[in-house]
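Observations on the three-dimensional arrangement
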Protein chains: 2
Amino acid sequence: MKTLKVADVLKSEQYHQEIAVNGWVKAFRSNRFLALNDGSTINNLQCVIDFENLPEDILKEINIGAAVRIKGILEESEGAGQRVEIQVKDIKIEGVANPEDVKLTILSPKRHSLEKLREQAHLRVRTNTGAAVMRLRSKLSFAVHKYFQDNGFYYVNTPIITGSDAEGAGEMFKVTAMDLKNPAKNEDGSINYKEDFFGKETNLTVSGQLEAETFALGLGQVYTFGPTFRAENSNTSRHLAEFWMIEPEVAFCDLAGNMDLAEDFIKYVIGYVLENCDEDLEFLENRLVQEDKSKPQAERSDMLLRDKLKFVLENNFKRVSYTEAIDILKSSKPNKKKKFKYIIEEWGADLQSEHERYLVEKHFKCPVILFDYPANIKAFYMRLNEDGKTVRAMDILFPGIGEIVGGSQREERLDVLKEKMTALDIPEEELWWYLDTRKFGTCVHSGFGLGFERLVQFATGMGNIRDVIPFPRTPLNAEF
Amino acid sequence: MKTLKVADVLKSEQYHQEIAVNGWVKAFRSNRFLALNDGSTINNLQCVIDFENLPEDILKEINIGAAVRIKGILEESEGAGQRVEIQVKDIKIEGVANPEDVKLTILSPKRHSLEKLREQAHLRVRTNTGAAVMRLRSKLSFAVHKYFQDNGFYYVNTPIITGSDAEGAGEMFKVTAMDLKNPAKNEDGSINYKEDFFGKETNLTVSGQLEAETFALGLGQVYTFGPTFRAENSNTSRHLAEFWMIEPEVAFCDLAGNMDLAEDFIKYVIGYVLENCDEDLEFLENRLVQEDKSKPQAERSDMLLRDKLKFVLENNFKRVSYTEAIDILKSSKPNKKKKFKYIIEEWGADLQSEHERYLVEKHFKCPVILFDYPANIKAFYMRLNEDGKTVRAMDILFPGIGEIVGGSQREERLDVLKEKMTALDIPEEELWWYLDTRKFGTCVHSGFGLGFERLVQFATGMGNIRDVIPFPRTPLNAEF
């Protein structure tokens, strides 16, 4: 007798067959109806216990949270709420759960706050919300790989520990094998990194882009999907110190092709979860509806979760140049009425999240791709336009999430790249290998970075990024 | 006109059609035959130039390494060595490559040592060997995800930065945001980690197992696939300081099921690359044949690469208990003749790589699963057998590679686990969350860790692990 997954049993029509199934007790009522879940689906399997013929000591151990192995007969259910049920012939308690202890945890059968779930992140997948989010995250991860592999991209694992600090995307964590209390020092009192494990100063990567570029300029189309880090003291619902990033990089591809790729990619992965995670999405959608009830009208969502996902799928992302966006913002109501914290006065201003939200949520009411930003607010490796003042950068902004993608056509001209690095005091010795790629058959190429957790947030409707990664790392928090 | 990939052009039969194709010049002879490669395949596309009608300045720039965009007509080739070729109508030099500079790099058309390729890792995918290995690595990665996703496993991203140092798998790198020259200190001179980014001491993970277990005990079947780290001064062809590990973890699964899973998994992914990477495997197989010619007879492989892979696919892994293995080793020739560096005297000895190699390569001549090791040479979380002296551990040993998998059934009994932790001085406060999983519906469960690079080594036949990861991190080496 093969042990089946609850998800498969719930779909089965092999009535009157004996089956085995394992899992955890989610509910037990009337000493008779055991709701069993094994993580394979949001739905529980009703197992009907013949309590009159069950030894008292076993019956007493059927408590919420206990692990059980069940054998029984699959039958059509007469009860409301389920199509099938198991008439239990044999139940083995594999691991007990003391009700007094369970009461103190998020396993207890009542509504728990998301904060409380976070504090017990090690038990979070035992809750409906935690499990639905993590199942969806897993499917979304696979969709990412499948999209790129089906389209001829190669997966590249760029290094996590990096000897370069020129990536310029933010504050970095230091990595060392030295004794912090007593690190090797030079005569002038500075740290002697020659004595450290790698013989040089090393950090945790903030982006695999530069290394991915070297691979794209050989394999043609590549993507990364790995952890990246920011040692920034940002305690917001959109920032993590450790998060997963997806970075495709494509040779012989310009900014327009880059936008096409990003839009096609996002639509594919959203479509994939719509197709493969309907039960979890339905649960998360209802969760949001409940959550909205406690919010003031203005903050409630005007679309159901799955409708929002379908909307992204079915509509073109609006492509707007930075210059157009500035014009829209300058003449916008909140700018004129000085409701923005940062008033847009002139071309060249860096857009804040309030401006991005206005464009996406109020003005265009759809995902927006902003492109051709002023050169001086963007990174050194972005392709300078012929106007000499803008670069071929693009950001994709999503309703409720803000920036989800940042990308650009890369500066492929060796001389222009060197000039920019000189202007920004980035030593050439530091990036000799990056410059090399511009010496040996350089070409137009582009890529982008997409913060995976923001995508999971969008797909699940979860408001706080800490709820979509298994064990979030944030300032003052590295528990588990 | 759509731009095609070289791989697709080589398969095309759309003769007399005009097509566009981009890539890098791999060879150019007689001012006429340009071998073009874009990374999509190991094979080059022959592009025939009408040099008499091409401007001299363009012709001069068609050098090895240059990036070009080509338009032309697809024709059946009359030359030997290719089925199709492009009659070039238009060629644009996108990026030049100065022959004098190219001469100094691994792009120059001659045999380069693997050491030299490593020094120029940023150009490595521009070589046949580098590209073949990295394409195969990418396919193998996808096979990993596909296997688990098709079998109902959920992908879990366990944390990279960990606040726990109880994983016990080796030396860890420290992660800090403090100024190493002047870290915050307590009055007694010790480091004041409360002032650090996470408010505690943090390290780079050596394994995601413990966190993965918490997920398996809710979602049922999960797997990790992410970077792990060892700050160990191992300068060997089998060790990296940063490497990618695959760690499945399964609830309600015992050691036998764990062995079944590992064997089935390895066979699937090897089968996947045999099916999807034949051209690259053929190239790598021939590379090995060439390499073997310079080796003494005794060190040469007695099987071709693809035959070796098929052998793994078609034969059962030999399952041998540690106790049996000790008996075999004790009465083996090298033990009796004292050829082993470490002579096996009695039960309880830790097996060295020389012993593992003897078992796999001389005695059984096939992949071997060793199981039921002495408790005191294995980790605290492994399930103690009823004999009280062995644990339900298993290692899978591969010919030429050595240990490729290490796994176990996990100790699911709270009291036994606590005893072991006490004996090993692992504070309970450190792993309160791990212990919690044994309180609330604990169950028999198992998992294993597989070093991804060792798998890539096996599948590609590469002898040095540094040649199968894009930018290897080893002692004194964190370049790029």
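Residues numbered from 1 in each chain as written. Chains lettered and ligands numbered in written order. Predicted model: local features only at pLDDT ≥ 70, side-chain atom pairs only at ≥ 80, totals over all residues. Heavy atoms only, no water.

1. Describing the interface of chain B and chain A
Contact residues are listed per partner, giving 111 residues for chain B and 112 residues for chain A. Interface area for chain B against chain A, summed over the two sides, is near 9,100 Å², with a carbon-plus-sulfur share of 66%. Between chain B and chain A we count 2 salt bridges in total. Between B:Lys200 and A:Glu479 there is a salt bridge, and its shortest N-O distance comes to 4.0 Å. Per-element tally for the side of chain B that touches chain A: the top contributor is helix 5 (residues 128-150) of chain B, with 11 residues. Within the side of chain B that touches chain A, the residues separate by chemical class into 54 nonpolar, 31 polar and 26 charged. Where strand 9 (residues 174-176) of chain A lies against strand 9 (residues 174-176) of chain B, 3 bridges are found, and the strand directions are antiparallel. Within strand 9 of chain B, the residue paired with A:Val175 across the bridge is B:Val175. (Contact = heavy atoms within 4.5 Å. Buried area = accessible area lost by both parts, 1.4 Å probe. Salt bridge = Lys/Arg side-chain N within 4 Å of Asp/Glu carboxyl O. Helix = DSSP H or I, 4+ residues; strand = E, 2+ residues; numbered from the N terminus. Nonpolar A, V, L, I, M, F, W, Y, C, P; charged D, E, K, R; others polar. Pairing = 2+ DSSP bridges.)

2. Remarks on helix 6 (residues 209-219) of chain A
Residue and element names in this part refer to chain A. In terms of burial, helix 6 is a largely internal element, 11 of the 11 residues being buried. Every buried residue belonging to helix 6 is among Gln 209, Leu 210, Glu 211, Ala 212, Glu 213, Thr 214, Phe 215, Ala 216, Leu 217, Gly 218 and Leu 219, and all of these are buried. Gly 220 occupies a position one or two residues after helix 6 and carries a positive phi of about 90 degrees. (Buried < 20%, exposed > 50% of the residue type's maximum accessible area, 1.4 Å probe, protein only.)

3. Considerations on the sheet that holds strand 7 (residues 154-155) of chain B
Residues and elements named next belong to chain B. In spatial order, the strands read 7-11-12-17-16-15-14-13; together these 8 strands make up an open sheet with mixed pairing. Each of the sheet's edge strands pairs with one partner strand only, and the pair in question is strand 7 and strand 13 (318-321). Sheet topology note: the strand 11 (residues 221-229)/strand 12 (residues 242-251) ladder contains 9 bridges and is antiparallel. Paired with Val 222 across the bridge in strand 12 is Glu 249.

4. Section: the nonpolar core
In this structure, A:Phe265, A:Met394, A:Ile396, B:Phe265, B:Met394 and B:Ile396 are the most contacted members of the largest nonpolar core, which totals 220 residues. Ranked by size, the runner-up nonpolar core spans 23 residues in total, among them B:Val6, B:Ile49, B:Val84 and B:Ile86. (Core = buried A, V, L, I, M, F, W, Y, C linked by side-chain atoms within 4.5 Å.)

5. Comments concerning the packing of aromatic side chains
Considering all chains together, one arrives at 59 aromatic pairs over all chains under this definition. When the centroid spacing of 5.6 Å and the interplanar angle of 50 degrees are considered together, the rings of A:Trp432 and B:Phe480 count as tilted. Placement of A:Trp432 in helix 14 (residues 432-436) and of B:Phe480 in the segment after helix 15 (452-460) is noted, with the two residues assigned to different chains. Look at B:Phe480 and you get buried, because its relative accessible area is 6%. Considering the side-chain rings of B:Phe380 and B:Tyr434, the 6.3 Å spacing of their centres and the 75 degrees angle between planes classify their relative orientation as edge-to-face. With B:Phe380 in the loop between strand 14 (368-374) and strand 15 (390-398) and B:Tyr434 in helix 14 (residues 432-436), this residue pair connects regions lying 54 residues apart in the sequence. Overall, B:Phe380 belongs to the buried group, its relative accessible area being 5%. Stacked on the ring of A:Trp347, the Lys or Arg A:Lys389 has its end atom at 4.2 Å from the ring centre. The residue whose ring lies beneath A:Arg438 is A:Tyr434, and the NZ or CZ to ring-centre distance is 4.3 Å. (Phe/Tyr/Trp six-rings, centres within 6.5 Å; stacked < 30°, edge-to-face > 60°. Lys NZ or Arg CZ within 6 Å of the ring centre and 35° of its normal.)

6. Observations concerning the side chain of A:Thr105
Relative to the helices and strands, A:Thr105 is located in the loop between helix 3 (99-102) and helix 4 (114-119). Each residue touching A:Thr105, except ones within four places of it in the same chain, is listed here: A:His112, A:Gln120, A:Leu123 and B:Phe440.

7. Brief notes about the relation of the copies chain B and chain A
The transform that puts chain B on chain A rotates by 180 degrees and translates by 0.0 Å along the axis, for an RMSD of 0.0 Å. Look at the turn and shift together and you get a two-fold axis relating the two. Looking at the rotation axis and the C-alpha trace of chain B, the residue lying nearest is B:Val175, at 2.5 Å. Here 100% of the contact residues of chain B are again contact residues in chain A; the copies associate through an equivalent surface. (Least-squares fit on C-alpha atoms with pLDDT ≥ 70 in both.)

8. What about the pattern of salt bridges?
Residues and elements named next belong to chain B. Taken as a whole, this structure holds 56 salt bridges over all chains when the rule is applied. With a closest N to O distance of 3.1 Å, Glu 291 and Arg 287 form a salt bridge. Of this pair, Glu 291 and Arg 287 are both found in helix 8 (residues 278-293), 4 residues apart, which corresponds to roughly one turn of the helix. Overall, Glu 291 belongs to the partly exposed group, its relative accessible area being 23%. Under the relative-accessibility criterion, Arg 287 is labelled buried at 10%.

9. Notes on the pairing of strand 2 (residues 18-29) of chain A
Residue and element names in this part refer to chain A. Here 2 bridges tie strand 1 (residues 3-4) to strand 2, and the two strands are oriented parallel to one another. Note on strand 2: the bridge partner recorded for Thr 3 is Ala 20. Two elements, strand 2 and strand 5 (residues 67-76), share 7 bridges in a ladder whose sense is antiparallel. In the strand pairing of strand 5, Asn 22 is matched with Arg 69.

Note that all results are geometric; they support no functional claim without further evidence.
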